[in-house]
Amino acid sequence: MKYPLFNPRVHSLLRGSLLVLLSLAVALLLSDFPHNRATPLLILPVLFAIAGTADTVRCMQRRWSFYHAGVILCIYMDLMALCMILFFLLYPYARWIASSQ
């Protein structure tokens, strides 16, 4: 392939981070964020975010360097975005959290 960004056999930190951030943007649009609609379509951004996080983890090196530290920070960002997407997926189904008595 001409562009290594589109080749899944090549390790790409940019591809993993873009996949996670685009999944977060799609999850924001699907969930209609301030109103938090319940939609099972949010499972797709969860799966793409998990794939992006796995692609970011593939970029880890054996020896510590500043690149290794940057990859760890990107993994933390991926995990925070994944938690937000899971929150958008699960919160509308948890009525006991928002119940007022």
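Residues numbered from 1 in each chain as written. Predicted model: local features only at pLDDT ≥ 70, side-chain atom pairs only at ≥ 80, totals over all residues. Heavy atoms only, no water.

Going by what an unreviewed UniProt entry lists, the protein chain is known as Permease and is assigned to Tunturiibacter lichenicola.

Counting 11 residues, the largest nonpolar core consists of Val20, Leu24, Ala27, Leu42, Val46, Ala49, Ala81, Leu82, Ile85, Phe88 and Leu89. For this core, the secondary structure elements donating two or more residues are helix H1 (13–31), helix H2 (43–57) and helix H3 (66–90). Setting aside residues up to four positions removed in sequence, Val20 forms contacts with Ala49, Gly52, Thr53, Asp78 and Ala81. (Core = buried A, V, L, I, M, F, W, Y, C linked by side-chain atoms within 4.5 Å. Buried < 20%, exposed > 50% of the residue type's maximum accessible area, 1.4 Å probe, protein only. Helix = DSSP H or I, 4+ residues; strand = E, 2+ residues; numbered from the N terminus. Contact = heavy atoms within 4.5 Å.)

What follows concerns H2. Since one α-helical turn is 3.6 residues long, residues separated by three or four positions face the same way. Taking 1.5 Å of rise per residue, the 15 residues of H2 would be expected to cover 21 Å, and the 21 Å separating its terminal C-alpha atoms lies within 8% of that figure. Listed as buried for H2 are Pro45, Val46, Ala49, Gly52, Thr53, Asp55 and Thr56. Buried positions along H2 lie against H1 and H3. (Expected span 1.5 Å × (residues − 1).)

What follows covers the UniProt feature "transmembrane region" (unreviewed entry) in the protein chain. Listed under "transmembrane region" (unreviewed entry) in the UniProt record, and renumbered for this structure, are residues 12–31, 37–54 and 66–91. Annotated as 96% helix and 0% strand, the span residues 66–91 places its first and last C-alpha atoms 37 Å apart. (UniProt positions renumbered as here; feature names shortened; annotations may be inferred.)

Glancing now at the packing of aromatic side chains. Evaluated as defined, the whole model comprises 4 aromatic pairs. Centroid distance Trp64 to Phe66: 5.4 Å. Interplanar angle 65°. Geometry classified as edge-to-face. With respect to burial, Trp64 and Phe66 carry one shared label: exposed. Considering the side-chain rings of Phe87 and Phe88, the 6.3 Å spacing of their centres and the 55° angle between planes classify their relative orientation as tilted. Given the relative accessible area of 3%, Phe88 is considered buried. An aromatic cluster is built from Phe33, Phe87, Phe88 and Tyr91, whose rings are joined through pairwise contacts. (Phe/Tyr/Trp six-rings, centres within 6.5 Å; stacked < 30°, edge-to-face > 60°.)

What follows deals with a nonpolar patch on the surface. A cluster of nonpolar side chains, namely Leu41, Ile43, Leu44, Leu47, Phe48 and Ile50, defines an oily patch on the protein surface of about 570 Å² accessible area. Within the secondary structure, Ile50 sits in helix H2. We classify Ile50 as partly exposed; its relative accessible area is 43%. (Patch = residues over 30% accessible without salt bridge, like charges linked within 9 Å, V, L, I, M, F, W, Y side chains within 5 Å. Areas by Shrake-Rupley, 256 points an atom, 1.4 Å probe, with all protein chains shown as cover. Salt bridge = Lys/Arg side-chain N within 4 Å of Asp/Glu carboxyl O.)

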